[in-house]
Amino acid sequence: MKRWIAILAVIAIAAVLPLLLSPTGYWIRVLTFTLLFAAMAQVWNIIGGLANQTSLGHAAFFGIGAYTSTILVLKFGISPWIGMFAGGFLGGVAALIIAVPTMRLQGHYFALATLAFGEVMRVIANVWTSLTGGPVGLSVPFVPPSIAAYSFKQLLPHAYIALIALIIVTFIFEAIRRSAMGYRLRAIKENPAAAEVIGIDTTKVKLQTAVISGVLMAMLGTLYAQVAVFFDPDTVFSAASISIRVALIAILGGVGTAIGPILGALFIIPVEELMNDLFSSGAAGLSQLIFGVILIAVILWRPRGFITVFDSLMARFSKKARS
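1. Regarding the overall build of the protein
Logical step 1: Each helix and strand in the protein was counted, giving 15 helices and 2 strands.
Logical step 2: Here the protein has a C-alpha radius of gyration of 20 Å; the compact-globule value for 323 residues is 20 Å, and the two agree.
Logical step 3: Once the C-alpha set of the protein is aligned to its principal axes, its extents read approximately 55 × 45 × 40 Å.
Logical step 4: Here the protein holds 323 residues, and the buried ones make up 50% of them.

Written out as structure tokens, the structure reads:
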């Protein structure tokens, strides 16, 4: 209950904050991407936190969603809203294809297999120039602003769409965690062999989780494409910028918890942007070096994530309230 109160408080602040920022300014863009990456990390949290499978290939599903909706707009004039569901379907199919041969893998073997799948998708997008534009990338066409066309003059609507996406994904995560599937996943996480002994079909449960995660990640790829306007294979299929970043956000915030990815995104994305803003004009790579040092310091300080800070604060608050 305390964590849900905290989540609702964060959502309330996020709902008011866009109104306080310039609708065409830099920081509302940062806020939009913070909310979007929080949703992406929450999607990764479904498979990484509940199924205990460290995926480094979620960029594959993300890129599929971004390309599907944009190609449908460019070639057929189909609204990105429809393209988002088409991308989600293809993302689910892709997740099933990669999950079938890899779900019995554990630890770093599974991580490497998913990483390789993401890299394969990046290479395909780079060479299939007739469809994806290759290294040149794709630009979302400008259309008159309207909700139906998912086109807006300012970033304010995009910020609220990202917030709604985060709320939906968080409720899906929590619904899975509290469902029978969530209990099966926790049993598998603790001891896969024991879970099979008591009758849990571990492969089936992991496949279901992977498909759900793939569908949602691809749909969020459409939201990213509409905000970024331009993207290329090295952006949306990037292991470092997408797959590893969303995993890092979830782990740093508190893997396996609903509020963890939100806390992680609220720290990582703004701090990274701030470091780029302050130090990008200095020596090459200085901003990345400082950001890396900050991340290492935070991990050493809170190896279990920011969720432990939150729990400590809640415990102190409850103690003071009782006294």
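2. Points about the packing of aromatic side chains
Logical step 1: Counted under the stated rule, the structure contains 9 aromatic pairs.
Logical step 2: Their ring planes at 85° and their centres at 4.9 Å tell us that Tyr67 and Phe231 sit as a pair that is edge-to-face. Residue Tyr67 is located in helix α3 (residues 58–76), and its partner Phe231 is located in strand β2 (residues 230–231); the two are separated by 164 residues in the primary sequence. Just as Tyr67 is buried, Phe231 falls in that class too.
Logical step 3: Through pairs of rings, three or more aromatic residues link up here, namely Phe33, Phe62 and Tyr224.

3. Digging into helix α8 (residues 180–190)
Logical step 1: Among all positions of α8, only Met181, Gly182, Leu185 and Ile188 are buried. Taken end-on, α8 shows its buried residues confined to a sector of 120°, consistent with a single buried face. Along α8, the residues that are exposed and aim more than 90 degrees away from the buried face are Tyr183 and Glu190.
Logical step 2: The inward-facing, buried residues of α8 contact α2 (26–50), α7 (156–178), α9 (192–197) and α10 (202–228).

4. Describing a nonpolar patch on the surface
Logical step 1: The grouping of Val120, Val123, Ile124, Val127 and Trp128 at the surface amounts to a nonpolar patch, some 460 Å² of accessible area in total.
Logical step 2: Following the sequence through the fold, Val120 ends up in helix α5 (residues 107–127).

5. Some details on the packing of helix α4 (residues 80–102) against α10
Logical step 1: It is the contact of α4 with α10, at a shortest axis distance of 7 Å, that shows an interaxial angle of 145°. By crossing handedness, the relation of α4 to α10 is classed as right-handed. Touching Pro80, Gly83, Met84, Phe85, Gly87, Gly88, Gly91, Gly92, Ala95, Leu96, Ala99 and Val100 of α4 are Leu207, Ala210, Val211, Gly214, Val215, Ala218, Met219, Thr222, Leu223 and Gln226, all from α10.
Logical step 2: Of the residues belonging to the contact of α4 with α10, the class tally is 14 nonpolar, 8 polar and no charged.

6. What about the confidence of the model for the protein?
Logical step 1: Confidence in the prediction for the protein averages 88 pLDDT; 94% of positions are at 70 or higher.
Logical step 2: Mean pLDDT values over the elements of the protein span from 70, in helix α15 (residues 307–322), up to 95, in α3.

7. What to know about empty space enclosed by the protein
Logical step 1: Under the defined criterion, the tally for this structure stands at 1 cavity of 30 Å³ or more.
Logical step 2: As a volume, the largest cavity reaches approximately 100 Å³.
Logical step 3: Every residue lining the largest cavity is counted, 14 residues in all, and those nearest its centre are Ser55, Phe61, Ile98, Phe110 and Thr114.
Logical step 4: At 4 residues, the largest contribution of residues to the lining of the largest cavity is made by α4.

8. Details of unusual backbone geometry
Most peptide bonds take the trans form, and the phi angle of most residues other than glycine is negative.
Logical step 1: Even without glycine at this site, Asn52 takes up a positive phi of about 60°.
Logical step 2: Despite not being glycine, Tyr150 shows a phi value in the positive range, around 55°.
Logical step 3: With respect to the helices, strands and loops of the structure, Tyr150 is situated in the loop between β1 (138–139) and α7.
Logical step 4: Taking relative accessible area as the criterion, Tyr150 reaches 2% and is therefore assigned buried.

9. Looking at the environment of Tyr160
Logical step 1: Structurally, the position occupied by Tyr160 is in helix α7.
Logical step 2: By relative accessible area, which is 25% here, Tyr160 ends up partly exposed.
Logical step 3: Residues Tyr160 and Pro18, 142 residues apart in the sequence, show an inter-C-alpha distance of 8.0 Å.
Logical step 4: Sequence-distant contacts of Tyr160, that is, excluding residues within four places in its chain, are made with Ala15, Pro18 and Leu19.

10. Quick notes on α10
Logical step 1: Taking 1.5 Å as the rise per residue, α10 with 27 residues should run 39 Å; its terminal C-alpha atoms sit 38 Å apart, in good agreement.
Logical step 2: Within α10, 22 of the 27 residues are buried, leaving the element largely enclosed by the surrounding structure.
Logical step 3: Downstream of α10 by one or two residues, Val229 has phi in the positive range, about 70°.

11. Section: the pattern of salt bridges
Two side chains that carry opposite charge are able to pair once their charged atoms sit near each other.
Logical step 1: Enumeration according to the criterion identifies 5 salt bridges in this entry.
Logical step 2: Two residues, Glu119 and Arg122, come together in a salt bridge whose shortest N-O distance is 3.0 Å. Separated by 3 residues within a single helix, Glu119 and Arg122 lie in helix α5, roughly one turn from each other.
Logical step 3: Members of the salt-bridge network, linked through shared partners, are Glu119, Arg122 and Asp234.

Here is what the cut-offs are and how they apply
All chains use their own residue numbering, which begins from 1 and follows the written sequence. Only residues with pLDDT of at least 70 get local features here, since the model is predicted, and only at 80 or more are side-chain atom pairs given and counted; chain-wide, interface and lining totals rely on the full set of residues. Side-chain measures here rest on the full set of heavy atoms in the structure, leaving out hydrogens and waters. Helix and strand assignments come from DSSP, with helices taken as H or I runs of at least 4 residues and strands as E runs of at least 2, each series counted from the N terminus. We compute the radius of gyration over the C-alpha atoms and compare it with the globule rule, which gives 2.2 Å times the number of residues raised to the power 0.38. A simple rule labels every residue: compare its accessible area, found with a 1.4 Å probe on the protein chains alone, to the largest value its type can have, and call it buried under 20%, exposed over 50%, or partly exposed in between. Ring pairs shown here join Phe, Tyr and Trp side chains whose ring centres sit within 6.5 Å, with only the six-membered ring taken for Trp; geometry is labelled stacked below 30 degrees between planes, edge-to-face above 60, and tilted in between. As used here, the arc is the angular range of directions from the helix axis to the C-beta atoms. Contacts were defined at the residue level, with two residues in contact if any of their heavy atoms lie within 4.5 Å. Each patch is built from residues lacking any salt bridge and having more than 30% relative accessible area; the joining distance is 9 Å for like charges and 5 Å for nonpolar side chains (Val, Leu, Ile, Met, Phe, Trp, Tyr). Only the protein chains shown count as cover for residues, and all accessible areas are computed by the Shrake-Rupley method using a 1.4 Å probe. Here, a salt bridge means any side-chain nitrogen of Lys or Arg that lies within 4 Å of a carboxyl oxygen of Asp or Glu. As a rule, the C-alpha atoms of each element are fitted with a line to give its axis, helices using only the stretch in contact, and angles between N-to-C directions run from 0 to 180 degrees. Helix crossings fall into two classes, left-handed where the near helix is turned counterclockwise from the far one by less than a right angle and right-handed where it is turned clockwise. The nonpolar class holds Ala, Val, Leu, Ile, Met, Phe, Trp, Tyr, Cys and Pro. Asp, Glu, Lys and Arg form the charged class, and all remaining residues, Gly among them, are polar. pLDDT: the predictor's confidence for each residue, scored from 0 to 100. Only protein atoms enter the calculation, which uses a 1 Å grid: trapped sets of points that fit a 1.4 Å probe without letting it out are cavities, open sets showing protein on both sides within 12 Å along at least five of seven lines are pockets, and any residue with an atom within 4 Å of a point is a lining residue. Grid points are joined across faces, edges and corners, and a volume is the space filled by probe spheres set on the points. Take the residue count of a helix, subtract one, and multiply by 1.5 Å to get its expected span.

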